[in-house]
Structures are given as structure tokens and as C-alpha cells.
Amino acid sequence: MKIYENTGNKDTRSGFGVGLAELGKSNPNVVALCADLTGSLKMDEFKANHPERFFQIGIAEANMIGIAAGMTIGGKIPFTGTFANFSTGRVYDQIRQSIAYSGKNVKICASHAGITLGEDGATHQILEDLGLMKMLPGMTVINTCDFNQTKAATLAIAAYDGPVYLRFGRPKVANFTPENQTFEIGKAVHLQEGKDVSIIATGHLVWEALEAAKVLNEAGISAEVINIHTIKPLDEEAIIASAKKTGAVVTAEEHNFLGGLGESVARTLAQHYPTPQEFVATQDTFGESGTPAQLMEKYGLNAASIVEKVKKVIQRKA
Amino acid sequence: MSTTQQLEDFVSQVRRDILRQVHQVNSGHPGGSLGCAEFFSVLFKEVLQTKAQFNMDGKDEDVFFLSNGHISPVYYSVLARTGYFPVEELNTFRKIDSRLQGHPTTHEGLPGIRIASGSLGQGMSVAIGAALTKKLNKDSHLVYTLHGDGEMQEGQNWEAIMYAGAKGVDNLIATVDYNKQQIDGSTDDVLPLGNLKDKFVAFGWDVLEVEEGNNVEAIKNALTEAKTITGNQKPIVILLHTVMGNGVDFMMHTHAWHGKAPNDEQLASGLAQNPETLGDY
């Protein structure tokens, strides 16, 4: 099996910051807007290099979304930055009417997504954002897994014309995907070939899926690992092909099992190739305060949980 | 430039278009539409500097956003009558497969519309965004908006008003349709707006007040004056005192016709009060 090397823990939000800084130099139409979280979103470098293209909106997310929509009129490519909770649930109607329905080329960039936001607790830990965003017609929804992939995604969405939700996180996690990768929106990444089960993962759970595959390999179970970074549009072909090969699927995500990647995969399989599936996700619950590692363990969002679900789904194979 | 008589004739036709649109589908919002017929007519015929061909980007031309999207009948009539799309298309208002949706949208590609509106309170932010882009593009043209007064109850407006004042967005001319009515009654009954002028001033705006908001000359003067004070580090708002339902006697001075269509008899009465001047669609 392929061995992935962690080149050193880094936060995905820093991948966004580096990508945005690069865009600042390469694309004069890129503008950045922030609602009083410049440091948290790692937008400092862009702000320092291009103060005329950086807009501090203040703690007013609804206004930020509307301003971003308006800025596209005249050719700018706005990147908004705040926490995932304030990027989605707080401003759902603004995104719906002024961006999605109006077809505006805005990139909604959301950090501190999911439970790994940690100690701030459930008020800030959104586990529903993928569902909210994927339900909007025309919205592209991306959840990256490490620093390098987040940087590549940031560059890729600037080149794509249309509304995008880009979700990333706060903690430092394994950085293992290639440094200067090409990011293809809507294209699954095969990380591990396998024959007994398909582990389909997004975001911080991708590294956990690779760790799980190692454990499973030692137990004689050959796991295929697929990284779905684009929840919508979903690479259905890759999912169906893998399910046909292995006959069992485990999805893994830092999100509620309602509305997330798991449901999108289940819907795809139900329509095209019904396959037993287990879900590594939160179970319709809010989070709580704690360290990211404690929370991932308590809410069953780690390699051990994936291993357990794989064993369960393999027993369900006909 | 049009004469006052020409503008008033234009307004008369716009009123007919409004009444006929909402009557035909027995739905839509005639009250606010009629109250702003003069404003739209003056703005589009006399004030906005636009290119012959509609372009979404609106570069090197003035742009306009309607925030209170429910008064789409007046918007559609004036867009059609100033050449954005064929006047006959007003026949499709609110019908299936139409570009003239109940509330304005870009989704069906109707020329003249740059943002969807209808869910209230969002237009000011969008306009600020367009104004900021104009500054980045070194485009000296202006951004105009229209808002309902009841719409000022939406909190997002105040985020936007605070931002525009604090950051000196001075290429923006907003207008508030100050008719003091909303769906459930008068604004004073529903949620008093207080002193709107003082509120805007407190947020750092220049405020112009037009007592005769249904007088085409008064509107023209106010918009002209507003233009002369742009570029002074302050956004500008015009508080336009209008009469809801203006020009149709039984619809005036009441909230009752906010979102109600006239029946056949009422339509006949409304049309009789407003002569056909440019030809019905």
C-alpha cells in the first residue's frame, strides 16, 4: 500500500492565507473582505500587500455578503473570510438571494469549520454548513483536507466563474498531499487502491482515513481511500466505480450525518448502485468545548471510529 | 431632456402599465409601484447615464439597484418604456416561463436587472459593493438605489448604512420611498421609524428631503442636487415623501393596496384617471 508522509502539521486556514496572498500578486481582480477576523483567517499578508483591495467590513457578516455580491458587478472576484458558522447559517438568506440566485462570482471562504474549532464550543462549531451550502442551486462546495490542498483550492476557485463555498479549519493537522498539486474542482482523488471497502472522506477526516487504512491492512482488510474535496458537484463516477469494486462504503466527515458528504454519497449509490454504507459523522448533535483531539474522539471522528465502521459494513456485504 | 409635460405623460403610461400588469394576474404590488412611478420615470429618463446595450458589469455607466423588489411592476414598465426589452413583454408579468418574475431577478436574464431582490434589506449592501468596485476601477459613474421605508426595519440596512458612512462611500445616492405605509398598516403602527433623517445624519450621511415626492420637477431637482454633492466623503440619501398608490384615487393614502390587484371595475376606474399616452402594450 502507498505510504503518505506527513511533512509537518499545518493548519488548513494557513493554506488559504498563502493561496490568497499568491492570488493578490497574480490576479488584480481578486479582492478580500473580512468581518473582524483577519488574523484568524490568515488574511494578513494579502491585507499588507494590497491594502486597497482589502475591505474590513467589521462585525457585520450580512453586509459583507451583500457587498461581495455587489463587487462582482464591474468584474472583481471577492473572497469573503470569517468563521464557517458566520459564513453560512448567519447569512443564509443573503447568500441565497444576492449570491446564489443572482449567480454572483463570490468565493465564501470559511475557517474554523466543524468540531475541531475546539474550546470556543458549540456556538462557533458549525456541523451543518455543508448541507446548507450544497442545497443552494449553483453553489460549488469544497472541503479541503490539508494545507497544500487548501492552498491549491484557493487558487483554483479564483479561476472558476461562479459562487463557491470553501470550507477549512483551525487546528494544525497532517500535511501530506503534494505541494504544488493541480486542484480539479469536482474531481475525486484516489489516495489508496483497495478491494474490500471504500473509505470516502473529506476535510480533516482524510488523514484519519489513511491512518485507518493502515490499521485495516494489518488486519488483512484492503481499504480503498478516496478523497472527495468537492462535495458539490460530486464526482459520482468515481464513487460508483469504487462501490462496484469493493461492495461496501464508509463515508467520513467532520459534519452532521444529515446533509453532509455521507448523504450525498448515499443518494448517489441509491440511484445508481445500492451499496451498504456506514457513516462517520456527528449524529445530529451540537458540539461542545474541548481540545480538537478530545472532541474528535468523543464524537467518533477519528481513525479508530473509521476502522470500527469498516468492520461493521463488511459484515453487511451480501 | 424631457419637458415636465412629457415626463407626466410618461408617468401616466407607467401607471397604466402597473395597473394592467397586476390586474392581469390578479397579484403583485400596485401601491408602492404607483408611489414611485415619478421617481423611476425621472431617474431612468433624465438622470441615469447608461450605455445603449445593457451589460451586467455596468462599467463606465451609472447603475441602479432596487432593494424593495416587490415594486417590480413600476421597474418593469420603466425598463420596457426606456428600451431595455420589448414593451409587449409586460404581458408576461408573473406568468410561467417569464423573465418578469414576481420579484426582479437576474436568473432569467432580463436586461436592466443586476441583482435579485425581494427578500428585503439587502440592496444597500450590494450597492455599496458596486460603488467600491467603481472606485477600484476608477470609474466616476454613480450607483443609485431605491429602498422602502418599512424596509428600513431590516437590520442589514443599518450595517450597510454604518459602513457607507464610516468608509466614505461617496459615489452612492440612495433613495428611501418614504410613504409611511407597509403591509400591516402605517409604519407608525407597525414599528415607528423614528427620525430617519437624524438617523442617517448620525451615521455620517448627507440627507436631502423631498416633501413632494410625486412631483417630477422636485425629484429631478433633488437627484441633480445629490449628484453635485457626490465625491465629498459622504454617501447621500434622499428621503422621498411619496403617496402610496399615487395617481389612482381609491388607492391613495392607504396600505390596503400594498399587495392587492384591482378587479375589472377598479381597473377601469384607475385607467380612466390616467390617459394612454404612449400606447398600451
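Residues numbered from 1 in each chain as written. Chains lettered and ligands numbered in written order. Predicted model: local features only at pLDDT ≥ 70, side-chain atom pairs only at ≥ 80, totals over all residues.

What about the sheet that holds strand S6 (residues 206-210) of chain B?
Residue and element names in this part refer to chain B. Note the following rule: Strand pairing is defined by DSSP finding a minimum of two bridges between the two strands. For the purposes of this entry, the term helix denotes a DSSP run of H or I that reaches at least four residues, the term strand denotes a run of E that reaches at least two, and both are numbered from the N terminus. Note on definitions: angles span 0 to 180 degrees between N-to-C directions of axes, and those axes are lines fitted to C-alpha atoms, for helices only across the stretch in contact. Distance between backbone-placed C-beta atoms decides contact: two residues are in contact if it is within 7 Å.
Strand order in the open sheet made by the 5 strands is S1-S2-S3-S7-S6, with parallel pairing throughout. Each edge of the open sheet is held by one strand with a lone partner, namely strand S1 (63-66) and S6. Ignoring which end each strand starts from, the neighbouring axes of this sheet average 20° apart. The pairing of strand S3 (residues 172-178) with strand S7 (residues 236-241) spans 6 bridges and is parallel. Among the inter-strand pairings, Asp 177 is bridged to a residue of S7, identified as Leu 240. Sheet contacts for helix H9 (residues 216-228): S3, S6 and S7; angle to S6, the most-contacted strand, approximately 170°.

Let's talk about the sheet that holds strand S2 (residues 30-34) of chain A
Residues and elements named next belong to chain A. Taking strand neighbours across the sheet as the criterion, the 7 strands line up as S3-S2-S4-S5-S7-S6-S12 in an open arrangement whose pairing is mixed. What marks the edges here is a single partner per strand, and that holds for strand S3 (54-56) and strand S12 (230-232). In this sheet, adjacent strand axes meet at a mean angle of 20° when their direction is disregarded. As defined by bridge partners, strand S6 (residues 140-143) adjoins S12 across 2 bridges and the pair is classed as antiparallel. Opposite Val 141, over in S12, you have Lys 232 as the bridge partner.

Structural notes on the confidence of the model for chain B
To keep things clear, this is the line we draw: The predictor attaches a confidence to each residue, called pLDDT, with possible values from 0 through 100.
Looking at chain B as a whole, its pLDDT mean stands at 98, while 100% of the residues score no less than 70. Quick note on the complex model: pTM equals 0.98, ipTM equals 0.98.

Some words on the nonpolar core
Our working rule: Core membership is restricted to buried Ala, Val, Leu, Ile, Met, Phe, Trp, Tyr and Cys residues, and these are joined into a nonpolar core through C-beta atoms within 7 Å. Partly exposed residues are those whose C-beta has more than 12 but fewer than 20 other C-beta atoms within 10 Å; 20 or more makes a residue buried and 12 or fewer makes it exposed, with C-beta atoms placed from the backbone. Note that domain bounds follow an automatic or database assignment of domains.
One finds Ile199(A), Ala209(A) and Ile128(B) to be the most contacted residues of the largest nonpolar core, which totals 175 residues. Two domains each provide a minimum of three residues to this core, namely domain 1 (10-173) and domain 2 (189-315) of chain A. Sequence-distant contacts of Ala209(A), that is, excluding residues within four places in its chain, are made with Ile199(A), Ala201(A), Val225(A), Ala252(A) and Ile306(A).

A word on unusual backbone geometry
Note the cis peptide between Lys232(A) and Pro233(A), where omega equals 0°. Position of Pro233(A) relative to the elements: it lies in the loop between S12 and helix H9 (236-246). If you check the backbone angles, Asn26(B) has positive phi at about 50° while not being a glycine. Along the chain, Asn26(B) turns up in the loop between helix H1 (4-25) and helix H2 (30-35).

Notes on the interface of chain B and chain A
The test is simple: Three residue categories are used. Nonpolar comprises Ala, Val, Leu, Ile, Met, Phe, Trp, Tyr, Cys and Pro, charged comprises Asp, Glu, Lys and Arg, and polar comprises the others, including Gly.
If you look at the interface, chain B gives 28 residues, while chain A gives 23 residues. Elements represented by at least two residues in the side of chain B that touches chain A include exactly helix H5 (123-136) and helix H6 (155-166) of chain B. The residue inventory of the side of chain B that touches chain A, partitioned by class, reads 12 nonpolar, 11 polar and 5 charged.

Examining helix H5 (residues 92-101) of chain A
Summarising burial for H5(A): 7 of the 10 residues are buried, a large majority. Buried residues along H5(A) sit against helix H3 (61-71) and strand S5 (107-111) of chain A together with H5 of chain B. Directly after H5(A), the chain includes Gly103(A), whose backbone phi takes a positive value near 65°.

Topic: the domain arrangement of chain A
Residue and element names in this part refer to chain A. Taken domain by domain, chain A comprises domain 1 (10-173) and domain 2 (189-315). Relative to domain 2, the C-alpha centre of domain 1 lies at a distance of 25 Å. The interface is formed by 27 residues belonging to domain 1 together with 31 residues belonging to domain 2. Going through the elements one at a time, helix H6 (129-134), S6 and helix H7 (147-159) are the ones with two or more residues in the side of domain 1 that touches domain 2. Of the residues assigned to the side of domain 1 that touches domain 2, the class counts are 11 nonpolar, 11 polar and 5 charged.

Examining the UniProt feature "domain: Transketolase N-terminal" (unreviewed entry) in chain B
Stated formally: UniProt positions are given in the numbering used here, feature names are shortened, and annotations may be inferred rather than shown by experiment.
Residues annotated in UniProt with the feature "domain: Transketolase N-terminal" (unreviewed entry) correspond here to residues 10-268 of chain B. Across residues 10-268 of chain B, the secondary structure splits into 38% helix and 12% strand, with the terminal C-alpha atoms separated by 19 Å.

Quick notes on the UniProt feature "domain: Transketolase-like pyrimidine-binding" (unreviewed entry) in chain A
Per the UniProt record, "domain: Transketolase-like pyrimidine-binding" (unreviewed entry) is found at residues 10-175 of chain A. Note that residues 10-175 of chain A is 39% helix and 19% strand, and that its end C-alpha atoms are spaced 6 Å apart.

Observations concerning H5(B)
Residues and elements named next belong to chain B. Test applied: The span one expects for a helix is its residue count, reduced by one, times 1.5 Å.
For H5, spanning 14 residues, the distance from its first C-alpha to its last is 20 Å, which sits close to the expected 20 Å at 1.5 Å a residue. For H5, a buried count of 12 out of 14 residues is recorded, marking the element as mostly surrounded by other parts of the structure. For H5, the set of buried residues is Gly 123, Met 124, Ser 125, Val 126, Ala 127, Ile 128, Gly 129, Ala 130, Ala 131, Leu 132, Thr 133 and Lys 134. Phi for Lys 138, located one or two positions after H5, is positive at around 55°.

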